[in-house]
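# A look at the structure
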Amino acid sequence: MSTITEREQRWREFLAPTAAPGFLFHVDYSDPECPTPSTPSLWPDKIEERIERAWTLYETQRKKAEWVNDDRVPYLTNVTGTEIFAEAFGCAVQRPDDTNPFALPCVHNAQEADALTAPELSTSSLAYLFDIADELQRRAGPEAVMKPVDIQSPMDVVALIWEKVDLFIAMLETPESVKRLAGEVRTLLIAFMDEWFRRYGTEYIAHFPDYFMSGGITLSEDEIGAVSEEMFDAFFRNELELLSAHFGGIAIHCCADARHQWGNLKSIPGLRLLNLVKPPTRGAEYIQDAYTFFGGGVAQMHHGWTPWGEPETWPQGYPSECRVVLQCPAATRDEAISLADQLQEIRG
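What comes next is a walk through the structure. Just so it is clear, the structure is predicted and the values come from calculations on it, not from any experiment.

## What about empty space enclosed by the protein?
Using the criterion set out here, one finds 2 cavities of 30 Å³ or more in the structure. Each pocket or cavity is described by its volume, and for the largest cavity that value is around 60 Å³. Lining the largest cavity we find P40, L42, R50, R53, A54, T77, N78, V79 and I132. Per element, the largest residue contribution to the lining of the largest cavity is 3 residues, and it comes from helix α2 (residues 47-67). Partitioned by chemical class, the residues of the lining of the largest cavity number 5 nonpolar, 2 polar and 2 charged. The space that makes up the second largest cavity amounts to roughly 30 Å³. If you trace the second largest cavity, you find it lined by M155, A159, L167, F168, M171, E223, V227 and F236.

Here it is as structure tokens:
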């Protein structure tokens, strides 16, 4: 059985720029003896419930790691909705009982956007998130791996702050105001993640999905599905490249239908891993095409394409130069154990 240290080392080697083709894998299953705890409302006044849920999840993952010999690394989570950075800029937040919180736009024109500046981190609405993480680290010790909050790209946060119909018009009519606000968001993101890494270390689990990172930053970049390739160059590229340079690499999640942006994503310096989600309007070939398009230049962990047939055939389902993270469902613990052992043998 692989130790957690051995699993982390495999991830370091797998995500290195000079890594050889190959695969890592997660086996996903539900275990009646270790049920996944339900998520409490992600509200600032639910800190204790959020801490207890994260702690129970961590203990569950550690138990599963003793049974199933895959590449999953247990983590302490500080899950949030997408609202947190927009809220720090002054957006009101809706907090329904049955879904994640979400921000309401507070900017409706370029003049309002120009008046916003990045808040001081320690006195912002983000500060309590460190209280949650501090307590989790106190319980688990500094060697435990942390999963940070939901991190959206600067332009994705701008699209939460700025009413979107007006934002798209402003991208044409007052582009400098849009870029200025994106720069303010980047300033806050950097301040937050610099402090996060200072406290909890630079080895962590990505905000989504659950892969191990050693350095670099991970974020969601979804608004690129709604803009042209030229708009990507004008508003998105600079922010991604600056974040990649600052943190020493970047990994990107995108759940938009952004096939037209693949070339732009591929060209981002320091891109370590790409996670695409197959849009409902696309067939399975969307993800299969992505494996071919991105090849071995970046590790890939996509949603919407599940291996079929016998496990020994799965590595042949991808282009030979690829580095792929397999996500393998199992119905029971015994099936998960057997599947992980088979994949370990195939990989060996």
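## A word on the packing of helix α6 (residues 154-161) against helix α8 (residues 175-200)
Relative orientation of the contacting elements α6 and α8 amounts to 115 degrees, with a least axis distance of 8 Å. Relative to α8, the element α6 is oriented roughly perpendicular. As for how α6 packs across α8, the hand of that crossing is right-handed. Packed against α6, whose contacting residues are P154, M155, V157, V158 and I161, the element α8 presents V178, L181, A182, V185, R186 and L189 at the interface. Grouping the amino acids of the contact of α6 with α8 by side-chain chemistry returns 10 nonpolar, no polar and 1 charged.

## A look at the packing of helix α5 (residues 127-140) against α8
One can describe the packing of α5 onto α8 by two numbers: an axis separation of 11 Å at closest approach and a directional angle of 15 degrees. The orientation of α5 relative to α8 falls into the category roughly parallel. Seen along the crossing, α5 lies across α8 with a hand that is right-handed. Contact residues: L129, F130, A133, D134 and Q137 in α5; F192, E195, W196, R199 and Y200 in α8. Here the contact of α5 with α8 is built from residues that sort into 6 nonpolar, 1 polar and 3 charged.

What counts, and at which threshold
Residues numbered from 1 in each chain as written. Predicted model: local features only at pLDDT ≥ 70, side-chain atom pairs only at ≥ 80, totals over all residues. Heavy atoms only, no water. 1 Å grid on protein atoms, 1.4 Å probe; cavity = no way out; pocket = protein on both sides within 12 Å on 5 of 7 lines; lining within 4 Å. Points joined across faces, edges and corners; volume = space filled by probe spheres on them. Helix = DSSP H or I, 4+ residues; strand = E, 2+ residues; numbered from the N terminus. Nonpolar A, V, L, I, M, F, W, Y, C, P; charged D, E, K, R; others polar. Axes fitted to C-alpha atoms, helices over the stretch in contact; angles between N-to-C directions. Parallel < 35°, antiparallel > 145°, perpendicular 65-115°, else oblique. Left-handed = near helix turned anticlockwise from the far one by under 90°. Contact = heavy atoms within 4.5 Å.

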